[in-house]
Amino acid sequence: GRFSTCPKKMTFVKNKLNIIDLISIMPYYLEVIIPKRQDADGNMDSIGSLVILRVLRLFRVLRIFKLSRHSRNMIAFGIALKASLAELLSLGLFLLIDVVVFASALYYAEMDVDKTSFDSIPASCWWAVVTVTTLGYGDMFPHTAIGKILGTLCVFSGILVIAFQMPIMVAKFTWTFMQNTSESPEDE
């Protein structure tokens, strides 16, 4: 409907938000067009695997960003987030290094324990992410004394990494947000 009444059709097609709209409604129309077939269990299913269509439906959530263009604070938030990108990336990198180092160390510390949850370094990464961010689900925990010491160091390391980065990020974010939300003299 909007496309047919749009005066500049090429500009409309190139708009990112309109592309998100198209991708989000496309799965519905494809499921209507693609014929159904009966599988071995007698259930009706679309031809082939339409898992990708189910994933594309998640694009509907992104449509909420269309509302941001109407809110001055949301626009300022987006600008502040973009301005703080370097700090966010460095925080992510430091946390990733923390996770990999402690996951590897704990894997080697716990590898000889019977019925350990730390059966590989990637499996240990889950524990390290939960521990570095101080969530602590308790689904995995070290059994050896060395593992418990590493766990304690992992928690403190996560706190320090986050604590050292946060003031820098908050100051830059606050400054950028204030610059973009303050009333300019021309507005009055």
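The rules behind the values
- Residues numbered from 1 in each chain as written.
- Predicted model: local features only at pLDDT ≥ 70, side-chain atom pairs only at ≥ 80, totals over all residues.
- Heavy atoms only, no water.
- Axes fitted to C-alpha atoms, helices over the stretch in contact; angles between N-to-C directions.
- Helix = DSSP H or I, 4+ residues; strand = E, 2+ residues; numbered from the N terminus.
- Parallel < 35°, antiparallel > 145°, perpendicular 65-115°, else oblique.
- Contact = heavy atoms within 4.5 Å.
- Nonpolar A, V, L, I, M, F, W, Y, C, P; charged D, E, K, R; others polar.
- Buried < 20%, exposed > 50% of the residue type's maximum accessible area, 1.4 Å probe, protein only.
- Polar contact = N/O pair within 3.5 Å; in protein donor to acceptor, adjacent residues only side chain to side chain.

## Regarding the packing of helix 6 (residues 72-83) against helix 7 (residues 85-110)
- Interhelical geometry of helix 6 versus helix 7 gives an angle of 55 degrees and a closest axis separation of 4 Å. Taken together, the axes of helix 6 and helix 7 lie oblique to each other. The segment helix 6 lies against helix 7, with Leu81, Lys82 and Ala83 engaging Leu85, Glu87 and Leu88.
- Across the contact of helix 6 with helix 7, the residue classes break down as four nonpolar, no polar and two charged.

## What about the side chain of Thr176?
- Within the element layout of this structure, Thr176 appears in helix 9 (residues 145-181).
- By relative accessible area, which is 6% here, Thr176 ends up buried.
- Only 2.8 Å separates the side chain of Thr176 from the backbone oxygen of Lys172, close enough to count as a polar contact.
- If near-sequence neighbours (up to four positions away) are discounted, Thr176 is found in contact with Ile79, Ala80 and Ala83.

## A few points about unusual backbone geometry
- The phi torsion at Lys115 lies on the positive side, around 55 degrees, for a residue other than glycine.
- Note on placement: Lys115 falls in the loop between helix 7 and helix 8 (121-132).
- Assessed through its relative accessible area of 82%, Lys115 is described here as exposed.
- Its identity as a non-glycine residue notwithstanding, Thr134 has a phi of 60 degrees, on the positive side.
- With respect to the secondary-structure elements, Thr134 resides in the loop between helix 8 and helix 9.
- By relative accessible area, Thr134 is classed as partly exposed at 45%.

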